[in-house]
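Structural description and commentary
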Amino acid sequence: MATQTTTERARKPRRDERRVVSNIVRGSIGNLIEWYDWYAYTAFSIYFASVFFPSGDQTAQLLNTAAVFAVGFLMRPIGGWVLGRYADRRGRRAALTLSVMLMAAGSLIVALTPSYGSIGVAAPILLVTARLLQGLSVGGEYSTSATYMSEVATPGRRGYYSSFQYVTLIAGQLTALGLQIVLQQVLSPAQMESWGWRIAFVVGAAGAVIVLWLRRGMDESESFERAASESEKEQSGPARGSLRLLLSYPRQCLVVVGLTMGGTLFFYTYTTYLQKFMVNTSGIPKPTAAWINFFALLVFVVLQPVMGLLSDRVGRRPMLIAFGALGTVVVVPSLTLLSHTSDPVYAFLLMVVPLAVSSLYTSISAVVKAELFPTSIRALGVGLPYALTVAVFGGTAEYVALWFKKAGHENWYFYYVTACVLISLLVYIRMRETSDASPLDEDVSRTRD
């Protein structure tokens, strides 16, 4: 009998680990579809820009689609607030399910909206509406996904497991680029610009239906369940997920803003914008630029769990400092050299090296934010200050870059990115280490101001 009990105890950690992996996979696949839908817009905008904004040269058309891209980011703080509050009050699983439904609706609208030539100004209005829904969705998805994956992860391996948020985030972009490459091979440029780009958004809406089914089988976070149970016993103090409770953690909110500013601008520069930069500035053909982006992002996605695992060993703060220091010196030379080359191999290297630098930040950014806040306010604490910062810096990256180009000072954008990364570096140097082998449901009030 004693032998059987010992065996059962030995098997329990393995069962628990398998359950952790199952929850991470279910959450990650949903994250992949959400970010596929989000990035399909920027990947295919080089084809549908003329459909919704027919007048002007290529830069003007891309500027209009970039403006709509930025508008979607304006909804992300609202999504971070509304869905973060919902996740802290009703549960992580419920919020993740709601976010993917909103994303599916946005993708379906883009797929079915007629051209400007057919319905006039209603076409760009519907495009903006779709991006608003998707912005609301992504704003809530990031915070809730980051919170959920960090809470269900095995203590001592949170960096590794949480890195899969960016694995699937980038995998979503890779999927969008991969579909773009396939369509480029089977459809003519005229077909791509006429109707081929719509396929991407139909695929995204269909994928969301599968995600809804998968997320029904996810376990709720034990940290949330314990916090909810304790909250029911307490009658005083601010409610879970409330702005009043969030405002009692001002230092943590400012740290989220500071560490995100440079990281998100750097990330969006070398992922969503660089494909347009290659086509519009370097003169690289659209299909070639898509291949370069695909292989560079493939390397980038492989680096995420490696860097996440490294952070569990050396800590989060040294990784962030390394990103800030390297990011400050790599932007200007890499973009300057890329603007003067059309060689695919050289362009690939000029993209993949900065992305390797970015992985020092992206692999751990979600878990660092989650480790700053207690369970009762974690989703909102991660979501709202992060989404506000991303809306201001990440969401406007393409627009600012194209505006500088149209004004004849494209290289000014390079220095703008460098300055923002430098500011974040100062935050990394001053912030406290967050990593810990203990569970995330511990009382973190010791870090509270």
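Conventions used here
Residues numbered from 1 in each chain as written. Predicted model: local features only at pLDDT ≥ 70, side-chain atom pairs only at ≥ 80, totals over all residues. Heavy atoms only, no water. UniProt positions renumbered as here; feature names shortened; annotations may be inferred. Helix = DSSP H or I, 4+ residues; strand = E, 2+ residues; numbered from the N terminus. Buried < 20%, exposed > 50% of the residue type's maximum accessible area, 1.4 Å probe, protein only. Contact = heavy atoms within 4.5 Å. Areas by Shrake-Rupley, 256 points an atom, 1.4 Å probe, with all protein chains shown as cover. Core = buried A, V, L, I, M, F, W, Y, C linked by side-chain atoms within 4.5 Å. Expected span 1.5 Å × (residues − 1). Salt bridge = Lys/Arg side-chain N within 4 Å of Asp/Glu carboxyl O. Axes fitted to C-alpha atoms, helices over the stretch in contact; angles between N-to-C directions. Parallel < 35°, antiparallel > 145°, perpendicular 65-115°, else oblique. Left-handed = near helix turned anticlockwise from the far one by under 90°. Nonpolar A, V, L, I, M, F, W, Y, C, P; charged D, E, K, R; others polar.

Named according to an unreviewed UniProt entry, the chain is Putative proline/betaine transporter originating from Streptomyces spongiae. UniProt, in the comment section headed Function (unreviewed entry), describes the chain in these words: "May be a proton symporter involved in the uptake of osmolytes such as proline and glycine betaine."

Of regular secondary structure, the chain possesses 19 helices and 0 strands. For the chain, the residues scored as buried account for 59% of the 449 residues in total. Excluding contacts between residues fewer than 6 apart, the proportion of contacts in the chain whose partners are at least 24 apart in sequence is 87%. Carbon and sulfur atoms make up 65% of the accessible area of the chain, which totals about 17300 Å².

Counting 106 residues, the largest nonpolar core has Phe44, Phe48, Trp197, Phe266, Met278 and Tyr413 as its most contacted members. For this core, the leading source of residues is helix H13 (residues 250–282), giving 15 residues. Dropping the residues within four chain positions of it, Phe44 is found in contact with Ala176, Leu179, Gln180, Leu183, Met192, Trp197 and Ala200. Counting 9 residues, the second-largest nonpolar core is a separate cluster that includes Val20, Val152, Ala153 and Met218.

Our focus in this paragraph is helix H14 (residues 286–314). With 29 residues, H14 should reach 42 Å at 1.5 Å per residue; the first-to-last C-alpha distance of 41 Å fits that figure. A positive phi of about 105 degrees marks Gly315, the residue just after H14.

This structure, assessed with the given rule, holds 5 salt bridges. Glu398 serves as the salt-bridge partner of Lys276, at 3.4 Å between the closest nitrogen and oxygen. Note that Lys276 is positioned in helix H13 and Glu398 in helix H18 (residues 397–406), a separation of 122 residues in sequence. The exposure classification of Lys276 matches that of Glu398, with both residues buried. Bridged by salt links that share partners, the residues Asp312, Arg316 and Glu371 form one connected network.

This part takes up the packing of helix H4 (residues 92–112) against helix H10 (residues 198–215). One can describe the packing of H4 onto H10 by two numbers: an axis separation of 8 Å at closest approach and a directional angle of 160 degrees. Taken together, the axis directions place H4 and H10 in an arrangement best described as roughly antiparallel. H4 and H10 meet at a crossing whose hand is left-handed. Across the interface between the two elements, Arg93, Leu96, Thr97, Ser99, Val100, Met101, Ala104, Ser107, Leu108, Val110, Ala111 and Leu112 of H4 pack against Arg198, Phe201, Val202, Ala205, Ala208, Val211, Leu212 and Arg215 of H10. For the contact of H4 with H10, the per-class residue count stands at 14 nonpolar, 3 polar and 3 charged.

Okay, the packing of helix H15 (residues 316–338) against helix H16 (residues 344–370) next. Interaxial distance between H15 and H16 falls to 9 Å at its minimum, and their mutual angle equals 155 degrees. What the angle tells us is that H15 and H16 run roughly antiparallel. The two elements H15 and H16 meet at a crossing, and its hand is left-handed. Contact residues: Arg316, Met319, Leu320, Ala322, Phe323, Leu326, Gly327, Val330, Ser334, Leu337 and Leu338 in H15; Tyr346, Ala347, Leu350, Pro354, Val357, Ser358, Leu360, Tyr361, Ser363, Ile364, Val367 and Val368 in H16. Along the lines of polarity and charge, the residues of the contact of H15 with H16 split into 18 nonpolar, 4 polar and 1 charged.

Turning to the environment of Ala387, a few remarks are in order. Along the chain, the position of Ala387 falls in helix H17 (residues 378–394). Taking the relative accessible area as the measure of exposure, Ala387 reaches 1% and is therefore buried. Through-space distance from the C-alpha of Ala387 to that of Gly80 is 6.1 Å; in sequence the pair is 307 residues apart. What Ala387 contacts, discounting residues up to four positions off in sequence, is Arg76 and Pro77.

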